[in-house]
Amino acid sequence: MRCVLFCLALASVSSQAAEPLWPGVDYDPSVPTFEQVLGYAPGERISSHAAVIKYFDALKAARPDQVTITPYAESWQGRSLIYVSLVGVGQTDRLQQLQQGMQQLANPANLSAAEADRLIDALPASAWLAYAVHGNEISSTDAAMMTAYHLLAARNDAVVEQILANTVVFIDPLQNPDGRDRFVHNYYNTLGSQPDADPYAAEHDEPWPSGRVNHYLFDMNRDWIALTQPETRGRIAALLKWQPLVFVDVHEMGSNSTYYFAPEAVPYNPHLASGQRASLQLFGKNNAHWFDQFGIDYFTREVFDAFYPGYGASWPSYFGSVAMTYEQASTGGHVIRRRNGTDLSYRTAVRNHFVSSISTVQATAVNRERLLADFHAYKQSAIDEGRNGDIRNYLINVANNRAGANKLAGLLVEQGVRVERAESTFKACGVDYAAGSYKIDLAQPAKRLIRTLLDSNVPMPEDFVTEQERRRQKDLPHDIYDVTAWSLPLMFNVEVNACDRTGNASFDQAGSDWARPGAPPQNRASVAYLVPWGDLSAVKLLTEAFTQGLKVKSSNKPFTQSGRKFPAGTLIFKVDDNAENLHQTLTDLSNTTGADVIAISDSWVEDGPNYGSQNVVDLFAPRIAMAWDSPTSVYGAGNTRYVIEQQLGYPVSVIRTAQLARMDLRRYDVVILPEQGFRGSYQRTLGAAGAANLAQWVESGGTLIGLGSALRYLTDPDNDLMALRREKAFTDKDESKASDEATVAGTLIESEQELLAQIEPESQGPDTVPGVLVRAKTDSDHWLTAGIAETLNVLVRGPDVYAPLPLDEGSNVVRFAAADELVASGHLWEENRKQLAFKPFVAVQASGRGHYIGFTHDPNYRAYLDGLNVIFAAALFRAPAHATVLR
């Protein structure tokens, strides 16, 4: 009886399986089929992660000399991620030959031209096919299994013989197993007696958070430069080991589309090599050939660009691969009806990805020698450009943000960059660098990746920007696919300088560790231990201290003690307030968190507040809750939870949003409203009852934190919570001219510019910003910004601009810079640049015994804005200490 619904559903699509996915091929019966291993044909059922592993294990058992399965990561939920290496019969030594040879070509400094030519002549090509980084883009994983079967089982097929004679094929069948199994579970939970093609049917309407994202709700197709997720880190390590010549990231898109493959849309990242762009034509034309054979519609050069380096179809380009994305119209299940009235089956979607996969590895095989030569030339030219370019070295100074600098250096090493660490202090280009600072010589194969990640700005082509401005004037959507700024030094708020010379400084090779031990106390204190505040290492020491039950104070103002200056926010662990093992505990925490700990045996403070001052507050471990589930933004909620739990190292209770309207909130000290999503709003979910409950709790001493678009709820006048107000777009037009009359006064229009001005809509919000890094200035007089850098870099996205809080309502503790110094990196519409200047990024409003804290743009976006971690941590851990909470 348990099989009734599944068998009925399977029967409804099994009639489509009569026609083979690749007609005319004779398959070797000794290679197990889908049906033999899984009980269904390709495209008849959406395979789970367990089914994927089971099938590849069966292929490995049948062809142990051709199939190698390598686990490369484990998801947060414990699922294994694998890649599968396929070689021809009798080619078991090819993998070792390929790895050794590609590493030699990838590091050509000590490789002669003759040796390079020998390797290019002898090595096989390599193609890496990566499927389903978004778990609900389902057809690609089943296509991955079919691709492997076809390559192993097809007999007397000239295309397959050509592929295996010239190419090692790597298949990463499922990049996001947690998301896929979430989708599969939800889909089959809602499936009826037969699949429903109606796009509004429940089986096509995924519940929050959908299968697109991984456990922490990350879009892992944006994580390639930040490496926040274990799936990404494992994948990059595998790619650097094998250095594949070709990389394809296989996706799905909207159901009413067709199929997309490279060449990509403009703009291209300027650090891509011309040879890579030319090679895209080879693959596009071969895909077109096969799609014509199968009668598959497709498009190229639209929508999907190659500008942002954090895509799966972008990042591999920077080690020399030809990287591409493929997109198939999604069925969201077994079948879906499209706007043109046709039904698209899952089997057809699987077939299309299967065809493009075979086409790709065929093009790789045909162009083996050219691709190997281009790869070697890419690496060699990178070294030459780095040696002779306008930037010879980048220097990372650890002086002002050691935790951020160490993480940045480790992150670069993990992405294949050669980084060196200074053994002592040195001076270069007029700047003093502390011991432990880093040098990156650009005369290395990773030069293009270095420039892409470390340059303060990577410009879009002027003609592309001009076209976007033209479209914007006509109220047409722009063609910018993702953020326009991602400079890691700016996002981490780390000082990185270009310098041609480093003098006589001595450097060692740096490792890939993201954190290094701090300076532990040099002696046992009799009064207190101090931890300077200001970077993530101090925050992590604080959260670990909370976990271990330590008593800690914090100064709102800077002070000088024992001849040393300590910043505002400095943590104070008094000996008398803590257990006898305080010295050893803090020594251990210094080693694990990277924070410096200074022993103090005299309470006298030469300048600034004493420990007993009202400017020194007792910190306590706050009980933190966060809104979860609809209507929160999937990404916003997941990113924020990840930042708190994994980057700050502190627990947070996630509460389904609707509960906040009626539950007793007194059990929490802090409540966070992440950004709201596109399919709902806090107003609809919480409404007036939720506003009243939250307001009462804040009055009693709670700290309510709103992030990004969540402020739309907190600042709605009907809810009477925060006094911040969102602005309309600034205009010098007379809005009083609007009329309901049948006729209006006549006008004379003498130019196209006057026409555009006259037809501009009235009373609309500012234009949406795709993503730009801007500068913000902190108010050092406020307790929330204690120890925070004077300038922060904020990623601004969307249209929201808020008017400053009046002084009698609260404080604008971080505000955006003046218009002429606002943009740090990326492209910002001119009107937005002028209007955003001096407006608040962080506002604090007292209410009763508690506070509202509003971040007008999400500080946790993609969890790669490390330079904003401390200001967010201050809202979590310092704000409750400035409220009188009923505990």
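Please refer to the structure placed before this passage.
Everything numeric in this text was worked out from a predicted model, so none of it was measured.

Asks: Which residues make up the sheet that holds strand β8 (residues 259–260), and what values do they have?
Replies: Strand order in the open sheet made by the 7 strands is β2-β3-β6-β4-β7-β11-β8, with mixed pairing throughout. Each end of this open sheet is capped by a strand with a single partner; those strands are β2 (67–74) and β8. Examined bridge by bridge, β8 and strand β11 (residues 322–329) share 2 bridges and lie antiparallel to one another. Pairing of Tyr260 across the sheet is with Glu327, part of β11. Across the face of the sheet, helix α3 (residues 49–62) comes into contact with β2, β3 (80–86) and β6 (167–172) while running at roughly 150° to β2.

Asks: Explain the sheet that holds strand β18 (residues 438–441) to me, and be specific about the residues and the numbers.
Replies: The antiparallel open sheet is built from 5 strands, whose spatial order is β19-β14-β18-β15-β20. Pairing within the sheet leaves two strands with one partner each, and these edge strands are β19 (496–498) and β20 (507–509). Direction aside, the axes of adjacent strands within the sheet are offset by 30° on average. By the bridge criterion, 4 bridges tie strand β14 (residues 393–396) to β18 in an arrangement that is antiparallel. Residue pairing in the sheet places Tyr394 in a bridge with Ile440 of β18.

Asks: Describe the pattern of salt bridges, listing the residues and the values that go with them.
Replies: The full count for this structure, using the stated rule, is 40 salt bridges. One salt bridge in this structure joins Asp374 and Arg370, with 3.7 Å as the shortest N-O distance. Note that Asp374 and Arg370 are positioned in helix α12 (residues 368–388) at a spacing of 4 residues, about one turn of the helix. On the basis of relative accessible area, Asp374 is assigned to the partly exposed category, the value being 32%. Arg472 serves as the salt-bridge partner of Glu469, at 2.7 Å between the closest nitrogen and oxygen. Placement of both Glu469 and Arg472 in helix α15 (residues 462–473) is noted, with a separation of 3 residues, approximately one turn of the helix. Glu469 gets classed as partly exposed once you look at its relative accessible area, which sits at 23%.

How each quantity is defined
- Residues numbered from 1 in each chain as written.
- Predicted model: local features only at pLDDT ≥ 70, side-chain atom pairs only at ≥ 80, totals over all residues.
- Heavy atoms only, no water.
- Pairing = 2+ DSSP bridges.
- Helix = DSSP H or I, 4+ residues; strand = E, 2+ residues; numbered from the N terminus.
- Contact = heavy atoms within 4.5 Å.
- Axes fitted to C-alpha atoms, helices over the stretch in contact; angles between N-to-C directions.
- Salt bridge = Lys/Arg side-chain N within 4 Å of Asp/Glu carboxyl O.
- Buried < 20%, exposed > 50% of the residue type's maximum accessible area, 1.4 Å probe, protein only.

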